[in-house]
Amino acid sequence: MLNETETGSPSPMLWSTWLTVFVVELAVISIINGFTILTFARNRHLRKRTTYLIISLTIADLFVGTVTVPMHIYKSMTFERGSGFGWGKFILLFWMAVFITCSLLHLALLSLERLHATLFPFRHCLMLDWVYFKAVVCIWFLAVIPASAGAALYLIAPQASQYVWASPIIAVLFTVIVSYVIIALNVKRKAPPYSSGAVSSDRKLTVTILVVIFFSSLAFLPYFLDAVIGISIKLGGLSAEAQFNIQESLNVLIYANSFVNPLVYTLRMKEFRKATRV
């Protein structure tokens, strides 16, 4: 993400340490998500309506590792925010932001899909594949809006860019919380008289996605608090290096979200675990 304060240039040794952290992180994200996509590609039985959104999220997370993190490293070594608008800078910041934004928006889409499956199970079963494909395309196009606005404002109005990034986080967290509260109340009130394999599998998928969303929310929440409350700015008594460490820690935490997701699938989805052993 693009939320950074003016803390001055870090010492070469400090930046070298963070550079190592980011390189290791991008390698982990790329390898884990690449392996996950390969597993879905090699096993046809895993590619079904219930996993289309998970596959799309995995692709977004893969691009976070292969595009977003390398561009974050490049940006940190080349220019500062508020340095004036330029198309080259804008394009770099846009591609740096669009994939992490897309990953974030997928959390809302996943929670809404599970909400629909819980409230309207029969109608949900009759949904065709093209409905999922259209939802995925909409999410990818929707990610362009905050990515473009945030990239432009980062260069010309740095403070305003923080609120641009905070807005989708608020919307996603609100959607996720409301969706799962409704799901929990509905499941508690309308417990099925029998426990079929389909019902059990559907509930397990709902819990799996809830776990994914929970860890993702933990990753984005500190960034949100910093953007809205300005924690790193208010801690003015800290040294420039300390503030720099805070900002880079927030970035590492957000990017880490992109390799936590496939790890959850491996632990929670029985079919996926079997496929990884083949």
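Sequence order sets the numbering: in each chain, residues are counted from 1 along the sequence as written. Two thresholds apply to this predicted model, a pLDDT of at least 70 for residue-level local features and 80 or more for giving and counting side-chain atom pairs, whereas whole-chain, interface and lining totals are computed over all residues. Water and hydrogen atoms play no part in the side-chain values, which are based on all heavy atoms of the structure.

A. Representation of the packing of aromatic side chains in the model. The rule is short: rings of Phe, Tyr and Trp, with Trp giving its six-membered ring, pair when the centres are within 6.5 Å, and they are stacked under 30 degrees, edge-to-face over 60, tilted in between. Evaluated as defined, the whole model comprises 10 aromatic pairs. Note on Phe22 and Tyr255: the rings are 6.2 Å apart at their centroids and 65 degrees apart in plane angle, and the pair reads as edge-to-face. Of the two residues, Phe22 sits in helix 1 (residues 12-42) while Tyr255 sits in helix 10 (residues 240-268), which places them 233 residues apart along the sequence. When sorted by exposure, Phe22 lands in the same class as Tyr255, which is buried. Here the aromatic residues Phe63, Phe90, Phe94, Trp95, Phe99 and Trp140 are joined through ring pairs into a cluster of three or more. Should the NZ of a Lys or the CZ of an Arg lie within 6 Å of a ring centre and within 35 degrees of the ring normal, that charge is described as sitting over the ring. The ring of Phe120 is capped by Arg123, whose NZ or CZ atom sits 4.7 Å from the centre of that ring. Note on conventions: DSSP H or I runs of at least 4 residues are helices, E runs of at least 2 residues are strands, and numbering of each starts at the N terminus. The classification of residues rests on relative accessible area computed with a 1.4 Å probe and restricted to protein chains. Under 20% of the type maximum is buried, over 50% is exposed, and intermediate values are partly exposed.

B. Up close: helix 5 (residues 129-142). Under the 1.5 Å per step criterion, the end-to-end length of helix 5 is 20 Å for 14 residues, consistent within 8% with the ideal 20 Å. Within the span of helix 5, buried status applies to Tyr132, Val136 and Ile139. Seen end-on, helix 5 carries its buried residues on one side only, within an arc spanning 60 degrees. Opposite the packed face of helix 5, turned more than 90 degrees from it, sit the exposed residues Cys138 and Phe141. On the buried face of helix 5, the contacting elements are helix 2 (49-78), helix 3 (87-119) and helix 4 (121-125). Multiply 1.5 Å by the residue count of a helix minus one, and that product is the helix's expected span. Our arc is simply the arc of the directions from the helix axis toward the C-beta atoms. Residues are treated as being in contact if the distance between any of their heavy atoms lies within 4.5 Å.

C. Just the environment of Leu112, in detail. Inspection of the secondary structure assignment puts Leu112 in helix 3. Leu112 gets classed as partly exposed once you look at its relative accessible area, which sits at 42%.

D. Region of the structure containing the side chain of Thr36. Along the polypeptide, Thr36 turns up in helix 1. On the accessibility criterion, Thr36 (2% relative accessible area) is buried. A distance of 2.8 Å separates the side chain of Thr36 from the backbone oxygen of Ile32, its partner in a polar contact. Setting aside its immediate chain neighbours within four residues, Thr36 contacts Thr58, Pro262, Tyr265 and Phe272. As used in this structure description, the phrase polar contact means that two N or O atoms lie within 3.5 Å; if the pair is within protein, one of them must be able to donate a hydrogen and the other to accept it, and residues adjacent in sequence are counted only when both atoms belong to side chains.

E. The pattern of salt bridges, seen in detail. Salt-bridge detection follows one rule: a side-chain nitrogen of Lys or Arg within 4 Å of a carboxyl oxygen of Asp or Glu. Enumeration over the complete set of coordinates arrives at one salt bridge. Between Arg114 and Glu113 there is a salt bridge, and its shortest N-O distance comes to 2.8 Å.

F. The arrangement of the confidence of the model for the protein chain in detail. Per-residue confidence from the predictor is given as pLDDT, running between 0 and 100. For the protein chain, per-residue confidence averages 79 on the pLDDT scale, and 82% of positions sit at 70 or higher. Segment residues 231-235: pLDDT under 50, and 13 contacts once partners within four positions in sequence are set aside and those in other chains are kept.

G. Region of interest: the environment of Leu119. Within the element layout of this structure, Leu119 appears in helix 3. Between the C-alpha atom of Leu119 and that of Ile183, which follows or precedes it by 64 residues, the distance is 7.7 Å. Contacts of Leu119, omitting those with residues within four sequence positions, involve Ile182 and Asn186.

H. Examining the packing of helix 2 against helix 5 more closely. As a rule, the C-alpha atoms of each element are fitted with a line to give its axis, helices using only the stretch in contact, and angles between N-to-C directions run from 0 to 180 degrees. Running from N to C, helix 2 and helix 5 cross one another at 25 degrees; their axes reach a closest spacing of 9 Å. What the angle tells us is that helix 2 and helix 5 run roughly parallel. In the packing of helix 2 onto helix 5, the handedness of the crossing is right-handed. On the side of helix 2, the interface is formed by Arg49, Tyr52, Leu53, Ser56, Ile59, Ala60 and Phe63, while helix 5 contributes Asp129, Tyr132, Phe133, Val136 and Trp140. Grouping the amino acids of the contact of helix 2 with helix 5 by side-chain chemistry returns nine nonpolar, one polar and two charged. To sort the angles, those under 35 degrees are grouped as roughly parallel, those over 145 as roughly antiparallel, those from 65 to 115 as roughly perpendicular, and the leftovers as oblique. Each crossing is labelled by how the near helix is turned from the far one, with a counterclockwise turn of less than a right angle marking it left-handed and a clockwise turn marking it right-handed. Each residue is assigned to one of three groups, with Ala, Val, Leu, Ile, Met, Phe, Trp, Tyr, Cys and Pro labelled nonpolar, Asp, Glu, Lys and Arg labelled charged, and all others, Gly among them, labelled polar.

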